[in-house]
Amino acid sequence: MYGLLNQQDGVHYLRIQKGYLIDGNALVAAGISDSIYYNDNLNVKITPLYNGNPSGSFTLKKVDGDTLTPPIQKEPGAFSSSPNILYAFTGTLDPAKTYKLEVTNTGSGKTISSQTLLIKDFQVLVPTKGSKLNITSNNPPKVVWYAAETGNIYDLTVRFNYLEFDQTTNALLKDTFVDMVLLKSYVQDNSTTNITAEFSGDVLLHNLASHIEARTDVYRTFNITKGMQVKVAVGGQDLANYLNAQQAQGGLASNEALPPYTNIANGVGLFSSRYFKQIDSVLLT
């Protein structure tokens, strides 16, 4: 069972599959949808808890992600890609509440469960919308934000929008962008209240050089209409534990296989939360 709740979403999706044992090639069987999906014998429910007390509930419906508009498609891999069976519910989530998941197999009577907090909204201090950064300064500009309550792991991406023109005719060829990852899976120290990342001219130019082909028949300009978008993604404690456990698997110094991280009682998987924050129209001096 895998699912990340986000109160910014109106529709929420979980992925639930089964394990299997066969005589023969398990990788071949992984490509057969009947091997990994349950029939219509799962009751899936999420209950909001306020101070430990139930406050309504959501019943999830089985859907095929391939048939949604727009479709939600599974990434390629050994397991069957189509149909992409998910369990969905529509509703507004309250960050003051805890969300308890219960999945009951009506055939076997087995129940798995988990629960998660949501990540509360937080403030990006620098930059602000419309502000101008001086990336040529000896004191490089910084991206600074308050640590999110119940958030523990962060990604920081800056989207640099630019225009590409024909060198001879000045015709616009592309309105596009480069995404620069400044932080990836950064785990917050629990004593930290502010998180900071530098954004220097060197960082910008190295990212542009590694993403954009050098050509003499075109020229590019910073898109001052769109500017840059500063994007902060935050994950909950269990998501941080899960990602850290994944990174610990299979290192050169490892001499044993570690068990996968799971916070699903009587099952395996991850039930946690995430949240996104974006500052638009950040410009350059």
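Scroll up a little and you will see the structure.
Residues numbered from 1 in each chain as written. Predicted model: local features only at pLDDT ≥ 70, side-chain atom pairs only at ≥ 80, totals over all residues. Heavy atoms only, no water.

Across its full length, the protein chain carries 4 helices and 18 strands. Expressed as lengths along the three principal axes of its C-alpha atoms, the size of the protein chain is roughly 70 × 45 × 45 Å. Residues classed as buried in the protein chain amount to 39% of the 285 residues present. Look at the contacts in the protein chain between residues 6 or more apart in sequence, and 70% of them connect residues 24 or more apart. Summing over all exposed atoms, the protein chain offers an accessible surface of approximately 16,000 Å²; the carbon and sulfur share of this is 51%. Charged side chains of the protein chain number 22 positive and 24 negative; the gap between the two group centres comes to 5 Å. (Helix = DSSP H or I, 4+ residues; strand = E, 2+ residues; numbered from the N terminus. Buried < 20%, exposed > 50% of the residue type's maximum accessible area, 1.4 Å probe, protein only. Contact = heavy atoms within 4.5 Å. Areas by Shrake-Rupley, 256 points an atom, 1.4 Å probe, with all protein chains shown as cover. Lys, Arg positive; Asp, Glu negative; His and termini not counted. Charge placed at Lys NZ, Arg CZ, Asp CG, Glu CD.)

With that out of the way, let us pick up the pairing of strand E12 (residues 142–146). Looking at chain direction, strand E10 (residues 124–126) and E12 are connected through 2 bridges and run antiparallel. Its bridge partner lying in E12, Val126 is registered against Val144. (Pairing = 2+ DSSP bridges.)

Moving on to the packing of aromatic side chains. Following the criterion strictly, the structure yields 6 aromatic pairs and no others. With a centroid separation of 4.9 Å and an interplanar angle of 25°, the aromatic rings of Phe160 and Phe222 are classed as stacked. With a gap of 62 residues between them, Phe160 in strand E13 (residues 151–166) and Phe222 in strand E16 (residues 218–222) connect regions that are remote in the sequence. Residue class for Phe160 comes out buried when judged on its relative accessible area of 6%. The interplanar angle of 15° and the centroid separation of 5.2 Å between the aromatic rings of Phe165 and Tyr219 together place this pair among those described as stacked. Of this pair, Phe165 sits in strand E13 while Tyr219 sits in strand E16; the two residues are 54 residues apart in sequence, bridging distant segments of the chain. Assessed through its relative accessible area of 16%, Phe165 is described here as buried. A relative accessible area of 27% places Tyr219 in the partly exposed class. The aromatic ring of Phe177 is capped on one face by Arg159, whose charged end is 3.7 Å from the ring centroid. (Phe/Tyr/Trp six-rings, centres within 6.5 Å; stacked < 30°, edge-to-face > 60°. Lys NZ or Arg CZ within 6 Å of the ring centre and 35° of its normal.)

Across a sheet, strands are paired by hydrogen bonds formed along the backbone, either parallel or antiparallel in direction. Spatial ordering of the open sheet is given by E10-E12-E15, a layout of 3 strands whose pairing is antiparallel. Two strands in the sheet have a free side with no partner beyond their single neighbour: E10 and strand E15 (194–198). Ignoring strand direction, the axes of neighbouring strands in this sheet form an average angle of 25°. (Axes fitted to C-alpha atoms, helices over the stretch in contact; angles between N-to-C directions.)

With that out of the way, let us pick up the pattern of salt bridges. For the structure shown, the criterion picks out 12 salt bridges. Between Arg159 and Asp179 there is a salt bridge, and its shortest N-O distance comes to 2.8 Å. In this pair, Arg159 is assigned in strand E13 and Asp179 in strand E14 (residues 172–187), connecting sequence segments 20 residues apart. Of the charged contacts in the structure, one is a salt bridge between Glu164 and Arg215, with a shortest N-O distance of 3.6 Å. Taken as a pair, Glu164 in strand E13 and Arg215 in the loop between helix H3 (201–211) and E16 lie far apart in primary sequence, 51 residues in all. (Salt bridge = Lys/Arg side-chain N within 4 Å of Asp/Glu carboxyl O.)

With respect to the helices, strands and loops of the structure, Asn223 is situated in the loop between E16 and strand E17 (228–236). Judged by its relative accessible area of 5%, Asn223 is buried. One polar contact links Asn223 to Asp175, side chain to side chain, over a distance of 3.4 Å. Other than its neighbours up to four places away in sequence, Asn223 contacts Asn161, Tyr162, Leu163 and Asp175. (Polar contact = N/O pair within 3.5 Å; in protein donor to acceptor, adjacent residues only side chain to side chain.)

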